[in-house]
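Spelled out from the first residue to the last, the chains are:
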Amino acid sequence: MTGLAVAMDVVAVGFLAGFVVLVTRGRPESGDESGRSVAMVLIAVSLGLLSVSLWSLP
C-alpha cells in the first residue's frame, strides 16, 4: 500500500506543478478554462488526503 500512497503523492505534486505553471504563465484565461486551475488544485488536495490513510496501513 505504501507504493500506492507514493504514486498518489507524486501525481498530486504533478497537479500542483501544473497549477503553478498555469498561474505563472501570465496568460489570461478564457471563459472555458477558468475552472481548470481550480480543478487541478482540488484534484491534488484530494489525492493527498486520500493517500494519508494509505500511509498508515502495513
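Scroll up for the structure.
Residues numbered from 1 in each chain as written. Predicted model: local features only at pLDDT ≥ 70, side-chain atom pairs only at ≥ 80, totals over all residues. Heavy atoms only, no water.

**Re the environment of A5**
Tracing the backbone shows A5 in helix α1 (residues 2–24). Sequence separation between A5 and S53 is 48 residues, and the spatial gap between their C-alpha atoms is 8.5 Å. When residues no more than four places from it in sequence are discounted, the contact partners of A5 are S51, L54 and W55. (Helix = DSSP H or I, 4+ residues; strand = E, 2+ residues; numbered from the N terminus. Contact = heavy atoms within 4.5 Å.)

**Points about the packing of α1 against helix α2 (residues 36–55)**
It is at 8 Å that the axes of α1 and α2 come closest, and there the two elements cross at 160°. The angle between the axes of α1 and α2 places the two elements in the roughly antiparallel class. With respect to the hand of their crossing, α1 and α2 are arranged in left-handed fashion. Here the residues of the contact of α1 with α2 are counted per class, giving 18 nonpolar, five polar and two charged. (Axes fitted to C-alpha atoms, helices over the stretch in contact; angles between N-to-C directions. Parallel < 35°, antiparallel > 145°, perpendicular 65-115°, else oblique. Left-handed = near helix turned anticlockwise from the far one by under 90°. Nonpolar A, V, L, I, M, F, W, Y, C, P; charged D, E, K, R; others polar.)

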